[in-house]
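Listed below, chain by chain, are the residues.
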Amino acid sequence: MSPEMLRTELDRAEEAELQSDEQLRQLTGLIDKACAPSSTVNASDCAKIVTAALALNERLRDRTGKLKSAVKLATVEANRKP
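These notes cover the structure that comes with them.

What counts, and at which threshold
- Residues numbered from 1 in each chain as written.
- Predicted model: local features only at pLDDT ≥ 70, side-chain atom pairs only at ≥ 80, totals over all residues.
- Heavy atoms only, no water.
- Helix = DSSP H or I, 4+ residues; strand = E, 2+ residues; numbered from the N terminus.
- Rg over C-alpha atoms; globule rule 2.2 N^0.38 Å.
- Buried < 20%, exposed > 50% of the residue type's maximum accessible area, 1.4 Å probe, protein only.
- Contact = heavy atoms within 4.5 Å.
- Areas by Shrake-Rupley, 256 points an atom, 1.4 Å probe, with all protein chains shown as cover.
- Lys, Arg positive; Asp, Glu negative; His and termini not counted.
- Charge placed at Lys NZ, Arg CZ, Asp CG, Glu CD.
- Expected span 1.5 Å × (residues − 1).
- Core = buried A, V, L, I, M, F, W, Y, C linked by side-chain atoms within 4.5 Å.
- Polar contact = N/O pair within 3.5 Å; in protein donor to acceptor, adjacent residues only side chain to side chain.

Some details on the overall build of the chain
Helix and strand content of the chain: 2 helices and 0 strands. Since a compact globule built from 82 residues should have a radius of gyration of about 12 Å, the 19 Å found for the chain marks it as more spread out than a globular shape. Seen along its three principal axes, the alpha-carbon backbone of the chain occupies a region of about 70 × 15 × 15 Å. Taken over 82 residues, the chain has a buried fraction of 24%. A separation of at least 24 residues holds for 71% of the contacts in the chain among residues at least 6 apart in sequence. Of the roughly 6100 Å² of accessible surface on the chain, 57% is carried by carbon and sulfur atoms. Between the averaged position of the 13 positive side-chain charges in the chain and that of its 13 negative side-chain charges there is a distance of 5 Å.

Laid out in structure tokens, this is it:
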């Protein structure tokens with residue numbers, strides 16, 4: 001993959017990571033809702049949602065890290081070519 005294509009993928013991955021971070025911040029409302037006396041969300045469901053969101057966020061961070069490394073490598077290789 002060319003450095004430009006990798007940079008495009010990296011930009012998308014970073015945007016997805018930012019959106020995921022924002023969604024994680026919004027989960028505190030869900031936790032508060034689960035703690036309410038007459039909640040429509042139980043603690044078990046809340047825990048499953050939070051666990052899945054955290055796992056997804058971690059996968060997005062890993063993907064972003066791998067793409068950063070790939071961009072650096074592709075840029076170095078492109079600069080070596082005469």
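That shown, we press on.
With respect to helix H2 (residues 43-80)
When the terminal C-alpha atoms of H2 are compared, their 56 Å separation across 38 residues agrees well with the 56 Å that a helix rising 1.5 Å per residue should span. Here H2 has its buried residues at Cys-46, Val-50, Ala-53, Asn-57, Leu-60, Thr-64, Leu-67, Val-71 and Ala-74. If you follow the buried residues of H2, they end up packed against helix H1 (3-35).

Looking at the nonpolar core
By size, the foremost hydrophobic cluster in this structure holds 7 residues: Leu-27, Leu-30, Ala-34, Val-41, Cys-46, Val-50 and Ala-53. Broken down by secondary-structure element, the contributors of at least two residues to this core are H1 and H2. Apart from the residues lying within four places of it in its own chain, the contact partners of Val-50 are Leu-27 and Ile-31. Core analysis: the second largest hydrophobic core is formed by 6 residues, Ala-13, Leu-67, Val-71 and Ala-74 among them.

Some remarks on the environment of Glu-17
When you line up the elements, Glu-17 lands in helix H1. Residue classification places Glu-17 among the buried positions, given a relative accessible area of 14%. Discounting residues that sit within four places of it in the chain, Glu-17 has contacts with Asn-57, Leu-60, Arg-61 and Thr-64. Within the local environment of Glu-17, its side chain forms a polar contact with the side chain of Thr-64, the two groups lying 2.9 Å apart.

Quick notes on the environment of Ala-74
On the secondary structure map, Ala-74 appears in helix H2. Expressed as a C-alpha distance, the spacing of Ala-74 and Leu-6, which sit 68 residues apart in the sequence, is 8.3 Å. Those residues in contact with Ala-74 that lie beyond four places of it in its chain are Pro-3 and Leu-6.

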